[in-house]
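# What the coordinates show
Here are the chains, one letter per residue:
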Amino acid sequence: MKAYAITDIGKKRSFNQDYAWMTTDEIGKLPNLFIVADGMGGHKAGDIASRFTVETIKTLIEQSQGKDAISIINDSVKMVNGLLLQKASESEDYYGMGTTLVIATIFDNVLRVANVGDSRLYVIDDNDITQITRDHSLVEEMVSMGEIDRKEARTHKRKNIITRAIGGDSYVEPEMFCVELMPDDIIMMCSDGLTNMIEDEDIFKIVKQNLPLDKTAETLVDTANSNGGKDNISVILIKP
């Protein structure tokens, strides 16, 4: 397995509220782990929210006695939600902080992934790019109800309103997905700082240039910045 993670402040933000982390080694009962979090909150609270969430989830997974990957991830996400709410109560500066989360592990040629919010995971094969996760956002709900189409959703003025977040409520339900992988599939996890700046078909073209993973990830970040870089940008690329 090969993997590479990168995060970038972008062109418009004064600090980076994204946090990307990965290991291809065993962690607890999982054979590998990949996480992207996109924090939100005033001052540096978003930075604290994303970092705290990822570091805490790592600890929870290391200590988990769950019997399978789905229950380990599901339980850890629910637990970290409560712990982040406790953290937010420590200071007025932390009020309202929260984070998106997309978390994945791979074994036996099966990808297991959970998401909360609008950070995404894609599977890219020889012919197409497919978004596996589902955005928990206002515009996604509007699309599903037929109020707007996908093209309108990309530039909608309320695009940044998410309907589910770690730290957003006393209870959070991660959405879980399992995908059987094919030999040449590439997995991409990212924050919306990438997907708001690059169309899916252009992401596909960059990935299919078949550069080394680090060069591909850097090209994706550079392209997002060239297109405006309006937000922090995080990318994890995985070749199982």
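Because the structure is a prediction, the values reported are computed rather than measured.

## What to know about the overall build of the chain
- The helix and strand inventory of the chain stands at 7 helices and 11 strands.
- Since a compact globule built from 240 residues should have a radius of gyration of about 18 Å, the 17 Å found for the chain is in line with a globular shape.
- Principal-axis analysis of the C-alpha atoms places the extent of the chain at approximately 45 × 40 × 35 Å.
- When burial is assessed residue by residue, the chain has 52% of its 240 residues classed as buried.
- Of all intrachain contacts in the chain linking residues separated by at least 6 positions in sequence, the fraction that spans at least 24 positions is 69%.
- Split by element, the accessible area of the chain, about 11,400 Å² in all, is 46% carbon and sulfur.
- Of the charged side chains in the chain, 26 are positive and 39 negative, and the gap between their average positions amounts to 3 Å.

## A word on the environment of Thr219
- Relative to the assigned elements, Thr219 resides in helix H7 (residues 213-226).
- The class for Thr219 is partly exposed, based on a relative accessible area of 25%.
- Each C-alpha atom, one on Thr219 and one on Ser64, is 37 Å from the other, the two residues being 155 residues apart in sequence.
- From its side chain, Thr219 meets the backbone oxygen of Lys215 in a polar contact 2.8 Å long.

## What to know about the pattern of salt bridges
- What the rule picks out here adds up to 7 salt bridges.
- We note a salt bridge from Lys78 to Glu173, for which the minimum N-O separation is 3.6 Å. Placement of Lys78 in helix H2 (residues 69-88) and of Glu173 in the loop between helix H4 (150-155) and strand E9 (175-180) is noted, with a sequence separation of 95 residues between them.
- Among the residues examined, Lys78 registers a relative accessible area of 28% and is labelled partly exposed.

## Brief notes about the sheet that holds strand E1 (residues 2-8)
- Sheet architecture is open: 5 strands sit in the order E1-E11-E10-E7-E8, paired in antiparallel fashion. The outermost strands of the open sheet, each flanked by one partner alone, are E1 and strand E8 (129-131). Here the average twist between neighbouring strands, direction ignored, is 20°.
- Both strand E10 (residues 186-190) and strand E11 (residues 233-239) contribute to a ladder of 4 bridges, which runs antiparallel. Bridge pairing links Cys190 to Val235 in E11.
- Together, strand E7 (120-124), E8 and E10 form the strand contacts of helix H6 (residues 200-207), whose direction differs from that of E7 by roughly 55°.

## Some points on unusual backbone geometry
- A positive phi is found at Asp108, a non-glycine position, where the angle reads about 55°.
- Looking at the secondary structure, you find Asp108 in the loop between strand E5 (101-107) and strand E6 (110-116).
- Here Asp108 falls in the exposed class, since its relative accessible area comes to 64%.
- Unlike most non-glycine residues, Asn109 shows phi in positive territory, near 60°.
- Considering the arrangement of structural elements, one finds Asn109 in the loop between E5 and E6.
- On the accessibility criterion, Asn109 (56% relative accessible area) is exposed.

## Quick word on the pairing of E5
- A large share of E5 lies buried, amounting to 6 of its 7 residues.
- Relative to E6, E5 runs antiparallel, the two sharing 7 bridges. Bridging from a neighbouring strand, Ile106 pairs with Leu111 of E6.
- In textbook terms, the turn of a hairpin is the stretch between consecutive antiparallel strands, and for E5 and E6 this stretch comprises 2 residues, one of which, Asp108, has a positive phi near 55°.

What counts and how
- Residues numbered from 1 in each chain as written.
- Predicted model: local features only at pLDDT ≥ 70, side-chain atom pairs only at ≥ 80, totals over all residues.
- Heavy atoms only, no water.
- Helix = DSSP H or I, 4+ residues; strand = E, 2+ residues; numbered from the N terminus.
- Rg over C-alpha atoms; globule rule 2.2 N^0.38 Å.
- Buried < 20%, exposed > 50% of the residue type's maximum accessible area, 1.4 Å probe, protein only.
- Contact = heavy atoms within 4.5 Å.
- Areas by Shrake-Rupley, 256 points an atom, 1.4 Å probe, with all protein chains shown as cover.
- Lys, Arg positive; Asp, Glu negative; His and termini not counted.
- Charge placed at Lys NZ, Arg CZ, Asp CG, Glu CD.
- Polar contact = N/O pair within 3.5 Å; in protein donor to acceptor, adjacent residues only side chain to side chain.
- Salt bridge = Lys/Arg side-chain N within 4 Å of Asp/Glu carboxyl O.
- Pairing = 2+ DSSP bridges.
- Axes fitted to C-alpha atoms, helices over the stretch in contact; angles between N-to-C directions.

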